[in-house]
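# A closer look at the structure
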Amino acid sequence: MEDLNLTFPIDMVKREERIVVGIATADNIDKAGDLIEFEASIEAFKNWTGNIREMHAPIAVGKAINYKPVKVKGADGMEYNAMQVEAYISKGAQDTWEKVLDGTLRSFSVGGKILDKQIDAEKMFRGRPVNLIK
């Protein structure tokens, strides 16, 4: 199994509630040439325990309080299926919260183990076939 990491910017910070909102994943081709099928994202989120981690470290700094499928427009003008996450940052993770507020932490990033990946030679990214994660 390979490791996977994708990054999306934080859309909203609710200071009083210590809540951060943003896109966690979408079914677009990422910078590494990977594309996660949206059905795989839905299944992964159903099985997710909701732990929020800083920079994929093995320590929880908060918890997801909501996630929902949404549509987003990519830089290419196309519309994509995406998963929006609303996360509470724990009072026990004050330095993480400070990094959110000062802009040091600016995005969500999903990580996990790839269980099923296929190379899609019909879709190319930077001259290479796209990795289709199922």
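Residues numbered from 1 in each chain as written. Predicted model: local features only at pLDDT ≥ 70, side-chain atom pairs only at ≥ 80, totals over all residues. Heavy atoms only, no water.

The subject of this paragraph is the overall build of the protein. Of the regular secondary structure elements, the protein holds two helices and nine strands. Reading the protein from its N end, one meets helices and strands in the order β-β-β-α-β-β-β-α-β-β-β. Buried residues in the protein amount to 36% of all 134 residues. Look at the contacts in the protein between residues 6 or more apart in sequence, and 58% of them connect residues 24 or more apart. A total of about 8600 Å² of accessible surface is found on the protein, and carbon and sulfur atoms cover 50% of it. Each charge class in the protein was averaged separately, 19 positive and 21 negative side chains, and the resulting centres sit 3 Å apart. (Helix = DSSP H or I, 4+ residues; strand = E, 2+ residues; numbered from the N terminus. Buried < 20%, exposed > 50% of the residue type's maximum accessible area, 1.4 Å probe, protein only. Contact = heavy atoms within 4.5 Å. Areas by Shrake-Rupley, 256 points an atom, 1.4 Å probe, with all protein chains shown as cover. Lys, Arg positive; Asp, Glu negative; His and termini not counted. Charge placed at Lys NZ, Arg CZ, Asp CG, Glu CD.)

Below, the discussion takes up the sheet that holds strand β9 (residues 128-133). To summarise the sheet geometry, strands pair through backbone hydrogen bonds and adopt either a parallel or an antiparallel arrangement. The strand order across the open sheet built from three strands is β3-β9-β8, with neighbouring strands paired in mixed fashion. Across the chains shown, the open sheet's two edge strands, defined by having one partner strand only, are β3 (34-36) and β8 (117-125). Mean inter-strand twist for the sheet, computed between neighbouring axes without regard to direction, equals 35°. Inspection of the sheet shows β3 paired to β9 by three bridges, in the parallel sense. (Pairing = 2+ DSSP bridges. Axes fitted to C-alpha atoms, helices over the stretch in contact; angles between N-to-C directions.)

This part is about the environment of Lys-31. You can see Lys-31 is positioned in the loop between β2 (19-26) and β3. The sequence separation of Lys-31 and Ser-107 amounts to 76 residues, and the corresponding C-alpha distance is 15 Å. Non-local contacts of Lys-31, meaning those with residues more than four positions away in its chain, are made with Phe-125 and Arg-126.

With that out of the way, let us pick up the pairing of β8. Relative to β9, β8 runs antiparallel, the two sharing six bridges. Counted as the bridge partner of Ile-119 is Asn-131 from β9.

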